[in-house]
Amino acid sequence: MSETPLYNLSVLQQQTGNDASFMAEMISLFVSQMQEGLKTLTDAQAQQDYSQMYFILHRMKAGIHLFKINSLMEIIKEAEALTKKAEPSERLTQIIEVIHMEMQIVIGQLTKKYLQE
C-alpha cells in the first residue's frame, strides 16, 4: 500500500536541474525550516501574537508553493488574512491545526523517501 505524496517536486527539480544531492539539501532545509516554523507558530498562537503568526505563515507559504503542497496553498492564504485581523478566531485555530497535521505528513513522507539512508 503506497502513500500518495502530498507534495510535488517538479518546481524543485526544475530549479535544481534535477541535481539529486542539491535536491536532498533543499529537502532537508525545507523539513528543518517547517519543523521550526510549526513550533514557532504554536508558540505565537499560544501568546496570541498575530503579527508573529502572520510572519511565520508567510515564510511557510513560500515552501508550500515550492513543494506544491496543494492541500495547503489556499488555507495558508486564509490564515494569513485572519492573522491580519489580530483577534481570536475559531477558524484560524482550525486552519492552524490542519496546517500542523498536513505538514507533519509531508515531513514524514519527505524524510522517509529522501532523507533516510
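Asker: Just to check I follow, could you spell out the overall build of the protein for this structure?
Answerer: Counting secondary structure elements, the protein contains five helices and zero strands. The C-alpha radius of gyration of the protein comes to 15 Å, within 12% of the 13 Å expected for a compact globule of 117 residues. With the C-alpha coordinates aligned to their principal axes, the bounding extent of the protein is approximately 45 × 30 × 20 Å. Split into buried and exposed, the 117 residues of the protein put 36% on the buried side. Taking the intrachain contacts of the protein between residues at least 6 apart in sequence as the baseline, contacts between residues at least 24 apart amount to 64%. A total accessible area of about 7,000 Å² is found for the protein, and carbon and sulfur atoms account for 51% of it. Once the 10 positive and 14 negative side-chain charges of the protein are each reduced to a mean point, those two points are 5 Å apart.

Asker: Is there a simple way to think about the packing of helix α3 (residues 50-66) against helix α4 (residues 70-84) in this case?
Answerer: The description of two helices packed together rests on the angle between their axes and the distance between the axes. It is at 9 Å that the axes of α3 and α4 come closest, and there the two elements cross at 160°. Judged by the inter-axis angle, α3 sits roughly antiparallel to α4. Crossing of α3 against α4: the hand is left-handed. In this structure, α3 uses Tyr 50, Met 53, Tyr 54, Leu 57, His 58, Met 60, Lys 61, Ile 64 and His 65 to contact α4, whose residues at the interface are Leu 72, Met 73, Ile 76, Lys 77, Ala 79, Glu 80, Thr 83 and Lys 84. Of the residues in the contact of α3 with α4, the class split is ten nonpolar, three polar and four charged.

Criteria and thresholds
- Residues numbered from 1 in each chain as written.
- Predicted model: local features only at pLDDT ≥ 70, side-chain atom pairs only at ≥ 80, totals over all residues.
- Heavy atoms only, no water.
- Helix = DSSP H or I, 4+ residues; strand = E, 2+ residues; numbered from the N terminus.
- Rg over C-alpha atoms; globule rule 2.2 N^0.38 Å.
- Buried < 20%, exposed > 50% of the residue type's maximum accessible area, 1.4 Å probe, protein only.
- Contact = heavy atoms within 4.5 Å.
- Areas by Shrake-Rupley, 256 points an atom, 1.4 Å probe, with all protein chains shown as cover.
- Lys, Arg positive; Asp, Glu negative; His and termini not counted.
- Charge placed at Lys NZ, Arg CZ, Asp CG, Glu CD.
- Axes fitted to C-alpha atoms, helices over the stretch in contact; angles between N-to-C directions.
- Parallel < 35°, antiparallel > 145°, perpendicular 65-115°, else oblique.
- Left-handed = near helix turned anticlockwise from the far one by under 90°.
- Nonpolar A, V, L, I, M, F, W, Y, C, P; charged D, E, K, R; others polar.

Purely spatial values, then, with no claim about function.
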